[in-house]
Amino acid sequence: MLRWGMVIDLDKCFACQSCTAACRMENNTPVAGKDQADMGRAILWNEVLPFVEGEYPNVHTTILPRPCMHCDEPSCVKVCPVQATFMNEEGTVLVNYDRCIGCRMCTVACPYAVRYFNWYAPEWPDALKEHLNPDPEVAPRPKGVVEKCTFCVQRLRKAREEAEAEGRTFNATDYTPACVETCTGRARYFGDLNDPNSLVSKLSHSPRAFRMFEELGTHPKVYYLKQG
Amino acid sequence: MENSQSQTQKSKLSRRDFLKIGAATVVAGAGVSVVQSAKKPVVTQSGSLEEAIIKTTCALCPSGCGLDVRVVNGKAVKVEGNPLHPLNQGVCCLKGQTALEVLYSPERIKHPRIQTGARGSGDWKEISWDEALDLVVDKLAELREDGKSHSVALMHGELRGQMRQVVNRFMRAYGSPNVISRESLGEGTARLAMWLSQGVNTIPVYDINNANYVLTFGGNLLESSRNLIGYLSATAFMRRGRPQRGKLVAVHPRLSLTGIKADEWVPIRPGTYGALALGMASVIINSKLYDEDFVRDFTYGFEDFEDAESNSHQGFKSLVLESYTLDRVSAITGVPTDVIARVAGEFATNRPAVAVLPTEPGELSSGNALHTALAVHALNALVGSIDAQGGVILQRFPELTEWPAYALDSDARKGEKQERLDGAGTQFPLAISAYQNVPERILKGKPYPIEALFLLNDNPVYDVPNGGQSVEALMKVPFVVSFASTLDESAAHADLILPASTFMEVWGDDYLEGTGYPGISLRRPVVEPVHDTRAPGDVLLDLAQRLGGSVGKAFPWNSYKELIEDRLSTLDWEKLEANGNWSELVYFNAEPGSPAWNDVVGRDRLNAPKDGRFDFFSRELFATLAPDSDLSCLPHFEIPTTLTDSTADSIEYPFLLVTQPLITQSQQWQGIVPTLQESYGLQGNVKWDSWVEVSQKAAEALHLEDGERVWVESPINRVQATVRVYAGIWPNAVYLPPGQGHHTFVRWGRKSKENSIVGANPNMLTKFDSEPLTGLAVAGPARVRIYPV
C-alpha cells in the first residue's frame, strides 16, 4: 500500500512563497480580501511562516512552509463528530465537504493550525472566475465547511487515469502536488514513504530530518530537513 | 455563461465524488473524464473538457521564465514552469503562479478610451482602435510636418526581446531622440559600472552555480533580482547540490528574505556599501590575498603609474591602502572591523568568489551610485572573477536575422540631432538615460517644449512623483498617450489609453538573460484576447503603416508576429515552438588573454584602449572628463549629504528610509493581484497593507508599539503605515516596502469597497534628483520622522 509523504529541505527553501500561490491557483482557495485577512481568515493551505528570534544585530529567523502534516494519528479526525474528516487508505487526510457541519472542532484540535473555515461563501469578481481550476475535486467549497491541503488529490486521480489510458502501471513518481512541482529552490520532495527506496523515504531517515511537534504523537507524514 | 453552468455542475459532482475518491482508490468524475496530464503539451478532446498545455514566456519580472499554461475550454486555469526552459527548468515563482489573476483581472482596461473631461477627471469615453489610432497618427503627422518631430517623447519600463529595437527604430525613423528608459532608477548603475571598468556595456550576470562565496552589496538577490529564479535555484544548488557548500553573505541595512536565508547578514549604515567594498579591497591587498597574476597582466591602474605624457597618477592600491583603513571604514559603515576583515579574507580565499551588484531601484542611489558600483565590481577583478567560472559572466546574445536597413528622411535626421529631453549626453555626459529628470525638464520647457508623450509599461507618477511634479509635467504636455493595461496613476492623466494586452494574449519573445549563454524564449498567445486590447508592438507597427513615408518603410511587417518570425528565422523555429525556447546551453568562459577575452573586457570602450585590461583606473572616465584629480577615475567613497548627521534635517528627521522590493510584487501589476496581496509581507505578517519596520531601539525611544498606525514623514510628504518592530533593521533606519499605495481601484474586501487605496507609496517621501555626469537617480535614503496618527 502506498503512503504519501513530503519532505521539505529548509536549507533550500528561500521563502519565495511560490508554494502558497501554486496551492491557491490549483485548489481554488478564495481570496479573503483585506478585512477578512486582517481577522486572520485568509485561506492559504500552504502558508510560509517566519519566526524571528534574537535582538539586533544577532537575529535568527526560521522560515517554515506549512502544509497539512497528514498525520498518521490525526487529531482532527479523532475530534470530528460526524466523520467528515478522515484518513484514506493511502494515509492522506481529507474532508468530505458534504458531511462537514462546520463545528470547527478540528480547527481547534489541529496542533498545526492548517485547517481553514469558510466564514463566507467564496467570492470572486466575475472576470476572475475564469481561471478557476475545473477539476471536480476542487470546486469552490461552500460557506460553513472546513477545508485543508489534500496533497492535490485531483492530481493523483489524473495521474492514475493517465497511466491507465496509456496502459501502464501507475508509479508513485507519476504524481506531484502543485507546491512540489513549482518549488523554486527544489526544496520539496514527495512520494511513497512505504517504499524504502523512494527519495522521500531515504530523506525522512536523514540525520537532518525532523517533524513538527513530534512529541505530540501525531506522527506527521511531512518531514523537514534542518538548515545548515 | 457556459462556463458558470459547467462550474455548478462540477461542484455538484465534486462533493459526491470526493468521498468516493477519498474512500476508494480511483474514481473518474462521472461524465467528466480528464485523461490529459498537465505535463503533456498536446491537445485532446475528451468528454466535455478540451484541454491543452501551451508554452509561453512570462513577463511579470525581467527574468522571462518559460511557462506551461493549462488551458481548459479556452480558459487558462493553471500555470506551471516549463521543464524544458533553461532559466526556470520547470519551477515557477509566485508571480508566475498568479499570472492568471493578471490575465483575468477585473482592473484591466477593456477598450481604447479617450479622456473627454479635464485630464485626471476620470471622464472617459470608449472608442474604437481605428478612431484611437487616427487620433495618434493625426497628431504625429502634424508635429512632423511642423518640424517638431523631436518634441515627441516615449518613456518606457522593461522592454522585452525585439521590442527594445522596435521602439528605438520607430522613434528614430519618426525623428525623435527621446526614447527614455527607466534604467537610470535601477540597473543603469550596474551597466555603467561594467562599462567604465570592464569596458562592456551590459548588465552583469553572476555565475552563482559555480561560486563558492557570494557577497551581495544591497539589493535583494533572492527576492527581486533580474534573474530571480536562476539565482534562487543556483543558491540552492550552491548549498546542497555539490560536495562543497558555498557561502552567501548579504550586506544590507535590513534583513530581507535574502538576508534571512543567507549564511550571514552584515547590517550596514544605509548608503555606505562603497566604503565597505573599498575597506575589504584594502584588507585583501594589504594581506596579499588578491590574484596577483591576474591583476598584473589583465588590469590597469592597480599600481601608481605614469601615462604617455609622463604625468604620474595614483593607482587603486595606494588609494585604498591610504584612505580605506579598517578603522575609518568601520566608522563610516558601522560594520565592526573584525567583520570587515573576516568577510574580506573569506571572500579572497574561498574562490571562486563573486561580489554582486544590485539592480533594484533605490538600492545604490545615495548620490554615490557610480563609484559604489565601481568599488564593488573592483572586488571581482581583485580575485580574478572576471568571466571566470563562479564569477561575473556576460550575457551573450544569439545571432538573429539582420534588421532590414531603413533610410532616414530629412525630418528624421534633423530630429535625431536634437538634444535629448532627459539631458543624457548633454547635461549628463555619461548617461544612457536620466528618467527621473524628465518631469523637471518638461516643466522648464528644456531643451524644448514637449508636444506629445507616450508611456509604455511605465508609470512616472507613481515611480518618481517628486511631490506632484510628475503630474504637473504630464498635465503640461498637450498630448499624452498611455499603453497601460490598467488605470494606473499616469494613465489617469493621459488623453488617450491604448490598452496593452497581457503577455498571455500576444506573440513576442524574450532574450534568455541571466544564464550567460545565448538564447531566445518565445511568447505566444495562450488564450484569445480577453478584452479589446492589442500588443504595443502591433500598435507601433500599425502606427508606422498609417504614418507611411519613411516611417512606414522602416517597418515592412504586417504584424508583430511576422516581425518575430522574421527576426528569429535564423533559429530552429520548430524547436522554438516545441520547447518554448531556443538556446545554446553552454557558456564558454574566456581565457584571459585569449582572442575571446577581448569580447569580455574592453569590447565597448569608446575613448579608452581595447587592450583586454580591466580598469581599476577608468581610462574611459579619464578620456571623457579630463579631470583635475585622479580620484574621479578611481573607485572611491564620498559620504552623501543625506547621511551626515549634523545637518538641520538630520535632527528634525532622524531616520533614514530604506526601501527594498519584495518577491510578492510585480512591476506594472502592483497592488491588483489579490493572491500577491494576500501573501504580501512575510516578515511583518502583513497582508493588503504597508508596514513600516522600526528597530527595537527606535520603538522604545518613540514609545511605539507593534501594530500602531503612524505617519512616516519626510520633508516633502507623509504617508501612513502600521508599525512593525523588527529586530532585523539598522537602528537608525526604517523600512517601507515599495509597491503599495496605488490609486488603482482595488475591488477587494467585503466591507470596505469604498476604501480603495491599499498601503502607502514610499516614493512619495523621496526627492528624486540626478547624479551629475551619470544621470543616475539620487533618491535618498530619504530622511523621515515617525509619529503616531
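Quantities reported herein were computed from a predicted structural model and do not represent experimental measurements. Per-chain numbering applies: the sequence of each chain, read as written, is numbered from 1 onward. Following the order in which they are written, the chains are lettered starting with A and the ligands numbered starting with 1. Whole-chain, interface and lining totals are the exception, using all residues; otherwise, since this is a predicted model, local features are given only for residues with pLDDT of at least 70 and side-chain atom pairs are given and counted only at 80 or more. Each side-chain value is worked out from all heavy atoms of the structure, with water and hydrogens disregarded.

**Q** Explain the overall build of chain B residue by residue, including any values.
**A** What chain B contains, in helices and strands, is 28 helices and 32 strands. In summary, chain B has a C-alpha radius of gyration of 27 Å against a globular reference of 28 Å for 789 residues, a match within 12%. Its C-alpha atoms put chain B at 80 × 75 × 60 Å along the principal axes. For every residue, the accessible area obtained with a 1.4 Å probe (protein chains only) is divided by the maximum for its type, and the residue is called buried under 20%, exposed over 50%, and partly exposed between those limits. The buried share of chain B, reckoned over its 789 residues, is 65%. A contact between two residues is defined here by any heavy atoms of the two lying within 4.5 Å. Sequence-distant contacts, at least 24 apart, represent 71% of the contacts inside chain B between residues at least 6 apart. Reported accessibility uses the Shrake-Rupley method at a 1.4 Å probe radius. Residues are deemed covered only where the shown protein chains occlude them. As displayed, chain B has an accessible area near 27100 Å², and 50% of this comes from carbon and sulfur atoms. In this text, helices come from DSSP runs of H or I with a minimum length of four residues, and strands from runs of E with a minimum of two, each type numbered from the N-terminal end. Radius of gyration means the value over C-alpha atoms here, while the globule rule gives 2.2 Å times the residue count to the 0.38 power.

**Q** Can you tell me about the overall build of chain A, naming the residues and giving the values?
**A** Secondary structure assignment for chain A yields eight helices and ten strands. Since a compact globule built from 228 residues should have a radius of gyration of about 17 Å, the 18 Å found for chain A is in line with a globular shape. Along the longest, intermediate and shortest principal axes, the C-alpha atoms of chain A span 55 × 45 × 35 Å. Counting over 228 residues, chain A shows a buried share of 64%. In chain A, the share of contacts with a sequence separation of at least 24, taken over all contacts with a separation of at least 6, comes to 63%. In the form shown here, chain A has an accessible surface area of approximately 8400 Å², with 53% of it arising from carbon and sulfur atoms. Averaged over its 26 positive side-chain charges, chain A has a centre that lies 3 Å from the centre of its 29 negative ones. Charged residues are defined here as Lys and Arg on the positive side and Asp and Glu on the negative side; His and the ends of the chain fall outside this count. Charge positions are represented by NZ for Lys, CZ for Arg, CG for Asp and CD for Glu.

**Q** For the side chain of Ser490(B), give the residues involved together with the corresponding values.
**A** Residue and element names in this part refer to chain B. Tracing the chain through its elements places Ser490 in the loop between strand S19 (479–482) and strand S20 (496–497). Assessed through its relative accessible area of 0%, Ser490 is described here as buried. If sequence neighbours within four positions are ignored, Ser490 has contacts with Leu455, Asp458, Asn459, Pro460, Val461 and Leu474.

**Q** Kindly report on the packing of aromatic side chains, identifying the contributing residues and their values.
**A** Only Phe, Tyr and Trp rings are paired, with Trp represented by its six-membered ring, and only when their centres lie within 6.5 Å; those with planes under 30 degrees apart are stacked, over 60 edge-to-face, the remainder tilted. Counted by the stated rule, this structure contains 27 aromatic pairs over all chains. A ring pair is formed by Phe210(A) and Tyr224(A), whose centres lie 5.6 Å apart and whose planes are at 25°; its orientation type is stacked. Of this pair, Phe210(A) sits in strand S9 (residues 209–210) while Tyr224(A) sits in strand S10 (residues 222–225); the two residues are 14 residues apart in sequence, bridging distant segments of the chain. For the pair Tyr213(B) and Phe347(B), a centre-to-centre distance of 6.2 Å together with 80° between the ring planes defines the contact as edge-to-face. Here the residue Tyr213(B) occupies a position in strand S10 (residues 213–217), and Phe347(B) occupies one in helix H14 (residues 337–349), the gap between them amounting to 134 residues. There is no split in this pair, since Tyr213(B) and Phe347(B) are both buried. Only Lys NZ and Arg CZ are tested; either one counts as a charge over a ring when it is within 6 Å of the ring centre and within 35 degrees of the ring normal. One cation-aromatic arrangement involves Arg104(A) over Phe117(A); the distance from NZ or CZ to the ring centre is 4.9 Å. The ring of Trp129(B) carries the charged tip of Arg534(B) above its face, separated from the ring centre by 5.3 Å.

**Q** Describe the packing of helix H4 (residues 129–145) of chain B against helix H5 (residues 163–174) of chain B, naming the residues involved and giving the relevant values.
**A** Residues and elements named next belong to chain B. The contact between H4 and H5 brings their axes to 11 Å, and the two run at 45°. Accordingly, the angle class assigned to the pair H4 and H5 is oblique. Contact residues: Leu140, Leu143 and Arg144 in H4; Phe170, Ala173 and Tyr174 in H5. Its residues placed into classes, the contact of H4 with H5 shows five nonpolar, no polar and one charged. Axes here refer to lines fitted to C-alpha atoms; in helices the fit is confined to the stretch in contact. Angles between the N-to-C directions go from 0 to 180 degrees. Reported orientations rely on four angle classes, namely roughly parallel under 35 degrees, roughly antiparallel over 145, roughly perpendicular from 65 to 115, and oblique for the rest. Under the grouping applied here, Gly and all other residues not named as nonpolar or charged are polar, the nonpolar ones being Ala, Val, Leu, Ile, Met, Phe, Trp, Tyr, Cys and Pro and the charged ones Asp, Glu, Lys and Arg.

**Q** Can you explain the pairing of strand S1 (residues 4–9) of chain A? Please cite residues and give values.
**A** Residues and elements named next belong to chain A. Of all the six residues making up S1, six are buried; the element is thus mostly covered by neighbouring parts of the structure. Going residue by residue along S1, you find Trp4, Met6 and Ile8 tucked away on one face and Gly5, Val7 and Asp9 tucked away on the opposite face as well. Relative to strand S8 (residues 188–192), S1 is paired through five bridges, and the arrangement is antiparallel. For Trp4, the partnering residue across the bridge sits in S8 and is Asp192. As paired strands, S1 and S10 are joined by four bridges and run parallel to one another. Counterpart to Asp9 in the pairing with S10 is Leu225. Should DSSP find at least two bridges between two strands, the strands are regarded as paired.

**Q** Please set out the nonpolar core residue by residue, giving values where relevant.
**A** Among buried residues, the Ala, Val, Leu, Ile, Met, Phe, Trp, Tyr and Cys ones that are joined through side-chain atoms within 4.5 Å form a nonpolar core. The biggest cluster of nonpolar side chains holds 138 residues, and the ones touching the most others in it are Phe217(B), Met280(B), Phe316(B), Phe347(B), Leu379(B) and Leu382(B). Residues within four places of Met280(B) in sequence aside, it is in contact with Leu215(B), Phe217(B), Ile340(B), Val343(B), Ala344(B), Phe347(B) and Leu379(B). Counting 63 residues, the second largest nonpolar core, distinct from the first, contains Trp4(A), Cys71(A), Val658(B) and Ile729(B).

**Q** Explain a negative patch on the surface to me, using residue names and the numbers behind them.
**A** Residues and elements named next belong to chain B. Patches here are clusters of residues that have more than 30% relative accessible area and form no salt bridge, with a 9 Å joining cutoff for like charges and a 5 Å cutoff for nonpolar side chains (Val, Leu, Ile, Met, Phe, Trp, Tyr). Any carboxyl oxygen of Asp or Glu that lies within 4 Å of a side-chain nitrogen of Lys or Arg is treated as forming a salt bridge with it. There is a patch of like negative charges on the surface, built from Asp138, Glu142, Glu145 and Asp146. Considering the arrangement of structural elements, one finds Glu145 in helix H4. Assessed through its relative accessible area of 71%, Glu145 is described here as exposed.

**Q** Before we move on, can you summarise the pattern of salt bridges with the specific residues and values?
**A** One pass over the structure, following the stated rule, counts 73 salt bridges over all chains. Between Glu678(B) and Arg24(A) there is a salt bridge; the shortest N-O distance is 2.9 Å. With Glu678(B) in helix H27 (residues 674–678) and Arg24(A) in helix H1 (residues 18–27), this residue pair bridges two chains. Each member of the pair, Glu678(B) as well as Arg24(A), carries the same accessibility label: buried. One salt bridge in this structure joins Asp297(B) and Arg296(B), with 3.2 Å as the shortest N-O distance. Take Arg296(B): its relative accessible area is 53%, and that puts it in the exposed class. Put simply, Asp11(A), Arg239(B), Arg240(B), Arg245(B) and Asp263(B) are held in one network by salt bridges that share partners.

**Q** Account for the side chain of Thr766(B), naming residues and giving values.
**A** All names here are of chain B. As for its placement among the helices and strands, Thr766 is situated in the loop between strand S29 (733–735) and strand S30 (769–770). For Thr766, a relative accessible area of 7% corresponds to the buried category. Not counting residues within four places of it along the chain, the set of residues in contact with Thr766 comprises Asn466, Ile716, Ala779 and Ala782.

**Q** Tell me about the interface of chain B and chain A, residues and numbers included.
**A** Taken together, the contact pairs 82 residues of chain B with 84 residues of chain A. The term buried area denotes the loss of accessible surface (1.4 Å probe radius) that occurs when two parts are joined, taken as the sum for both partners. Summed over both sides, the interface of chain B with chain A buries roughly 7500 Å², with 59% coming from carbon and sulfur. If you look at where chain B meets chain A, you find nine salt bridges. Across the pair Asp11(A) and Arg245(B) runs a salt bridge, and its minimum N-O distance is 2.3 Å.

**Q** Account for the sheet that holds strand S21 (residues 508–511) of chain B, naming residues and giving values.
**A** All names here are of chain B. Here we have three strands laid out as an open sheet, ordered S21-S22-S23, and antiparallel in their pairing. At either margin of the open sheet sits one strand with a lone partner, and together these are S21 and strand S23 (581–583). Mean inter-strand twist for the sheet, computed between neighbouring axes without regard to direction, equals 15°. Where S21 and strand S22 (residues 519–523) come together, four bridges link them in antiparallel fashion. Of the residues in S22, the one forming a bridge with Asp510 is Ser521. Contacting S21 and S22, helix H22 (residues 560–567) runs over the sheet at an angle of about 45° to S21.

**Q** Any details on the packing of helix H10 (residues 273–286) of chain B against helix H15 (residues 369–382) of chain B? Residues and values, ideally.
**A** All names here are of chain B. Relative orientation of the contacting elements H10 and H15 amounts to 25°, with a least axis distance of 8 Å. On the basis of their axis angle, the class for H10 and H15 is roughly parallel. Both H10 and H15 take part in a crossing whose hand is left-handed. Across from Tyr273, Gly274, Ala277, Leu278, Met280, Ala281, Ile284 and Ile285 in H10, the residues of H15 making contact are Thr372, Ala375, Val376, Leu379 and Leu382. Broken down by class, the residue content of the contact of H10 with H15 amounts to eleven nonpolar, two polar and no charged. Handedness of a crossing follows from how the near helix is turned relative to the far one, being left-handed for an anticlockwise turn of less than a right angle and right-handed for a clockwise one.

**Q** Describe helix H6 (residues 153–165) of chain A, with residues and values.
**A** Residue and element names in this part refer to chain A. In a helix, the anticipated span is given by 1.5 Å times the number of residues less one. Here H6 is 13 residues long and its end C-alpha atoms lie 18 Å apart, about the 18 Å a rise of 1.5 Å per residue gives. H6 sits mainly inside the fold: eleven of its 13 residues count as buried. All buried positions along H6 are accounted for by Val153, Gln154, Arg155, Leu156, Arg157, Lys158, Ala159, Arg160, Glu161, Glu162 and Ala163. In the stretch just after H6, Gly167 is the one whose phi turns positive, near 65°.

**Q** Got a sec to walk through helix H20 (residues 536–547) of chain B? Specific residues and values, please.
**A** Residues and elements named next belong to chain B. An ideal rise of 1.5 Å per residue puts 16 Å on twelve residues; H20 measures up with 16 Å between its terminal C-alpha atoms. With nine of its twelve residues buried, H20 lies for the most part within the structure. Turning to H20, its buried residues number three or more, namely Pro536, Gly537, Val539, Leu540, Leu541, Asp542, Leu543, Ala544 and Leu547. Packing partners of the buried residues in H20 comprise H4, H5, strand S18 (452–456), helix H21 (549–553) and H22. Just past H20, the residue Gly548 takes up positive phi, approximately 65°.

**Q** Describe unusual backbone geometry, and please don't skip the residues or the numbers.
**A** That bond from Arg351(B) to Pro352(B) is cis: its omega, 0°, falls within 30 degrees of zero. Positionally, Pro352(B) belongs in the loop between H14 and strand S16 (353–356). Of the consecutive residues Lys446(B) and Pro447(B), the connecting peptide bond is found in the cis state with omega at -5°. Backbone geometry places His219(A), a non-glycine residue, at a positive phi of 50°. The residue Trp688(B) is not glycine, and still its phi comes out positive at about 55°. Locating Trp688(B) in the fold gives a position in the loop between H27 and strand S26 (691–694).

Purely geometric numbers; function is a separate question.
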